[in-house]
Every structure is written in structure tokens, then in C-alpha cells.
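Chain residues, written in single-letter form:
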Amino acid sequence: MNCSTGNETTTWWPLENISLDYTAINASFFNDTQDEGNQFILPLWRQVLWSLLFAGMVVVATGGNLIVIWIVLANKRMRTVTNYFLVNLSVADAMVSTLNVTFNYTYMLNSDWPFGRLYCKISQFVAVLSICASVFTLMAISIDRYMAIMNPLRPRMGRRTTLCIALGIWVVGTALSMPMLVFFTTFAHEFSDGGIRVVCYAEWPDGPSTESYQEYIYNVLFMILTYFLPISSMTFTYARVGRELWGSQSIGECTQRQLDNIRSKRRVVKMMIVVVSIFAVCWLPFHIYFIVTSIAPEITTTKYIQEVYLAIYWLAMSNSMYNPIIYCWMNSRFRRGFKQVFSCCPCVHLTPETLSRREVVTSRYSCSGSPEAQCRIIRNGSVRIPLQMGSSDPPTATSHCPLPDSNYSTFRSKRWRTNGHDGSSSAGRGVS
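Calculation rules
Residues numbered from 1 in each chain as written. Predicted model: local features only at pLDDT ≥ 70, side-chain atom pairs only at ≥ 80, totals over all residues. Heavy atoms only, no water. UniProt positions renumbered as here; feature names shortened; annotations may be inferred. Helix = DSSP H or I, 4+ residues; strand = E, 2+ residues; numbered from the N terminus. Buried < 20%, exposed > 50% of the residue type's maximum accessible area, 1.4 Å probe, protein only. Contact = heavy atoms within 4.5 Å. Disulfide = S-S within 2.5 Å. Pairing = 2+ DSSP bridges. Expected span 1.5 Å × (residues − 1). Bend = angle between axes of the 7 residues up to and from the residue. Axes fitted to C-alpha atoms, helices over the stretch in contact; angles between N-to-C directions. Left-handed = near helix turned anticlockwise from the far one by under 90°. Nonpolar A, V, L, I, M, F, W, Y, C, P; charged D, E, K, R; others polar. Salt bridge = Lys/Arg side-chain N within 4 Å of Asp/Glu carboxyl O.

Going by what an unreviewed UniProt entry lists, the chain is known as Tachykinin receptor and is assigned to Periplaneta americana. The Subcellular location (unreviewed entry) field of the UniProt record for the chain holds the comment "Cell membrane". As recorded by UniProt, the Sequence similarities (unreviewed entry) comment attached to the chain reads in full: "Belongs to the G-protein coupled receptor 1 family."

This part takes up the overall build of the chain. Of regular secondary structure, the chain possesses 10 helices and seven strands. Scored against the burial criterion, the 432 residues of the chain give a buried share of 45%. Across the chain, every contact between residues at least 6 apart in sequence was considered, and the portion connecting residues at least 24 apart equals 74%.

Another aspect to go through is the state of the cysteines. Applying the stated criterion to the full structure yields one disulfide. There is a disulfide in this structure between Cys120 and Cys200, and the S-S distance comes to 1.9 Å. One quick way to see it: the torsion about the S-S bond of Cys120 and Cys200 is about 85°, and its sign makes the bridge right-handed. Of this pair, Cys120 sits in helix H3 (residues 116-150) while Cys200 sits in strand S4 (residues 196-204), and the two are 80 residues apart along the sequence.

Now for the UniProt feature "transmembrane region" (unreviewed entry) in the chain. UniProt marks residues 48-73, 85-105, 125-143, 163-184, 216-239, 271-292 and 312-330 with the feature "transmembrane region" (unreviewed entry), using the numbering shown here. When the span residues 216-239 is considered, its composition is 100% helix and 0% strand, and the gap between its end C-alpha atoms is 33 Å. Secondary structure content for residues 312-330 is 100% helix and 0% strand, while the C-alpha to C-alpha distance between its ends is 27 Å.

The next point concerns the pairing of S4. Of all nine residues that make up S4, seven are buried, and the element is covered over most of its length. With antiparallel pairing between neighbouring strands as the criterion, strand S3 (residues 184-190) and S4 make up a hairpin whose turn holds five residues, including Gly194 at a positive phi of roughly 95°. Sheet analysis places S4 next to strand S5 (residues 207-208), joined by two bridges and oriented antiparallel. Within S5, the residue paired with Glu203 across the bridge is Pro208. The hairpin turn running from S4 into S5, its antiparallel successor, is two residues long.

This part covers the sheet that holds S3. The pairing of strands in a sheet comes from backbone hydrogen bonds and takes either a parallel or an antiparallel form. Read from one edge to the other, the open sheet built from three strands follows the order S3-S4-S5, with strand pairing classed as antiparallel. Strands at the two margins of the open sheet, each flanked by one partner only, are S3 and S5. Relative to S4, S3 runs antiparallel, the two being bridged by seven bridges. Note that in S4 the partner of Phe187 across the bridge is Val199.

An ideal rise of 1.5 Å per residue puts 58 Å on 40 residues; helix H6 (residues 256-295) measures up with 58 Å between its terminal C-alpha atoms. The sharpest bend along H6 measures roughly 30° and falls at Trp283, with the proline Pro285 sitting one to four residues further on.

What follows concerns the packing of H3 against helix H4 (residues 159-183). Between H3 and H4, whose axes approach to 8 Å, the crossing angle comes to 145°. Pair H3 / H4 crosses with right-handed handedness. Listed contacts from H4 to Lys121, Ile122, Gln124, Phe125, Val128, Leu129, Cys132, Ala133, Phe136, Thr137 and Ala140 of H3 are Ile165, Ile169, Trp170, Val172, Gly173, Thr174, Leu176, Ser177, Met178, Met180, Leu181 and Val182. Looking at the contact of H3 with H4 residue by residue, the classes come out as 17 nonpolar, five polar and one charged.

Take the pattern of salt bridges next. Using the criterion set out here, one finds two salt bridges in the structure. Among the salt bridges present, the one from Asp144 reaches Arg145, with a minimum N-O distance of 3.8 Å. Judged by relative accessible area, which is 9%, Arg145 ranks as buried.

Right under this line is the structure:
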């Protein structure tokens, strides 16, 4: 029979026709002994424990990711390709923690969905969309790092290209999430004691959850596209990048600027490897659970399965709170941004910001963004110096770059004597 509440009609299904599964708590819940009332409300002490865990995760995830977004958008020096992708990742993480986790946790805790049929669809859509956006953004970052380090002479992608890729990620994620909007619905069951329990679940064309072969195929394809394929791709790219940064050595001497550049790349790559590793660990049980319950739905009727799924769900969703912590821990600029936000706390000490030697020289003298952009020691040890040897203009601070000490004096003498100038004329310009 149907019951109208406002503008929404909810179907009350007969007890004997119900056999479905959404998360752990929708699975074959109803039998003769359960008709007396909702048997899936946890004891009070367990509710308090899970509430503290989920509340802490939501606060840290939402607050931390919003701070990351502010740090990047409010500071011009932070607006790099990698950081734009991190903003995209933070948007997805903040979205799932605010629009999905709180509502789904309330549902799993009480085994009752009080938010209506429309938000049943929206909540599941947001959950899948955020998973897609997160993993595809991580994959885009790994490809960008791979291209920048393995092919350093190729031009980096610009701001417009980065934004287009981010938009494409959300479009693909929306396409993969559409079944959630189409197939999720609600039903209400009335117990013999007068209580009503509303369930949010997926009703596929060939049957409800755990009875639908279409859902099984979707879960397998979803796991391949959003877990195994991206993880395999990121493992390959970061393995190659790690071998390039740590496993190979250039022939010849490197300037301090070049050494600093290598260290900076290593720090970024290490940070992203940690992010990807934690993502893989957090989401693997989640994907495995849905595949296993599709193959063996009787698992969902076992004792403590509700709390097992709560643990699996918490682990997967907690991935959204780890990333801001990793950025703060492994990146000095993000760490300073977090200190600015929490500067009112007595235990946080924000020191005055000072520019490094690299930043001072770059901002004053370099047209291309690096005082050594026109001279590189490549991997075979040779030096490329695309300067005009026959120019009659005196050398300036913007037209030369420091070389290793062993070669610098000989080169300087030979070149500048040809032009009839004394090299000391520009030595006091601040480039050293």
C-alpha cells in the first residue's frame, strides 16, 4: 500500500517480499523474529563510540580540505599545476564528508533513512562521484609529475589545460555515478508494534541489491575503473619517477640551484606516493566487501555484519581527512598556511616569512622564472649555454648563469675577453 507524506509517496512493501541489501544494514533484515520492531539499533555505548569516530572524521576532513583550498587560492605562489589538482581533490573530499558521510552514518546507525527518496539518490550519487573525482585527480597528478620529471624540456601544461582536465574528471565521474540517481529509491516497512523503518536501497532492472546481476557487473567494472586501473597506472608512473630521481646520477657537477630543484621534486613525489598509498589501503576493503556480498549475499545476515560494515565504511571515508594532514606534514608552504589559520592558538608559533636565496634571485633577475633556465647540465655531463657569443653588449645579471666552479673561471675568461669586457663588471649585480 502507499502512504503520502507531503508531496512524496513512499511504498510500504509486504514483509515477505523484502530481500535486498544496501550497505550491511539492508540485507535480509526481516524475518519472523524481527517483525516485533527494528532490531538493528546498536546499544548506546556503541552508538557513542561510532558517533565520536565519525564526528571527528567529518570535522577534520571538512575543515582540513577547506583550508587547503584557501591556501592555494589565496596565495599566488601556491597556484601551480599540482596544487590546482590538489584543490580538485580537496573539493571532492570536502563534498563527500559534508553531503554523504553524515547522512549515511545516521542511516547505518539507526537502520532507518529519514531524509526522503530524493536525497537517498543524491547522497549515493555524491559518494560515487567523489570517489571518481578523487582517484582520477590522483592519476592526473601522477601523469603530470611523470611528464615534468621524465621530459623536463617539454612545456608544462598551463592553467587552462589544467582546468579543462579537472572539468573532464567531473564529467567522467558524473557519467559513472548516474546509476545511483536512476536506481536508488526507498521503501518503508511497518512493524507489528507500530514502528516504521525506511530503507534506502538500489532497485536495478533485474532485481534489488544482492539479487541483481547488473549490479554485480557494475561493481566489478567500478572497482576496475576506479581502483585497480588507477592504482596500476600510479604505481608505474611513480616507480619510473622514483627511479629517475633516486636511482640515477648525472655526470659532472651540479649547481646548488639544481640540487635544490631535485630535492624539491623528491619531496613532492614522496608526498604524492604517501597520498596514493593511503588511498589504496583505505578503499580496498570497501571494494572487496561489495564484490563478496554480491557473490555470497548470505554474509550480510551474519552477526556483527553491521559493525563490520561501519568499520569498512569509516576506513574508506576517512581517506578524505588524511590528505590535509599529509600536506601539512610534508610540505612547508602548506604547513605555514595551516599555521596562519591556527595562529590564534597559543601553541602555534608563526615565524615571519623570509624568501630563500632561490626565490630572491628568481624574483629579481630571471625572466623565465629560474636564474639557471638558460644553462643546464644534462645527464651526459655537457653544458648547454645558449648565449650570443658574438654580442657586443656587456654581460648583465639577466644574461648569464653560474656554472660549476671547475669550469666557470675558464669559460668566463675566454668568453668575456672575446667581447672585450672584464667579467667583474657584473659580479656585483647579485648573481652568484
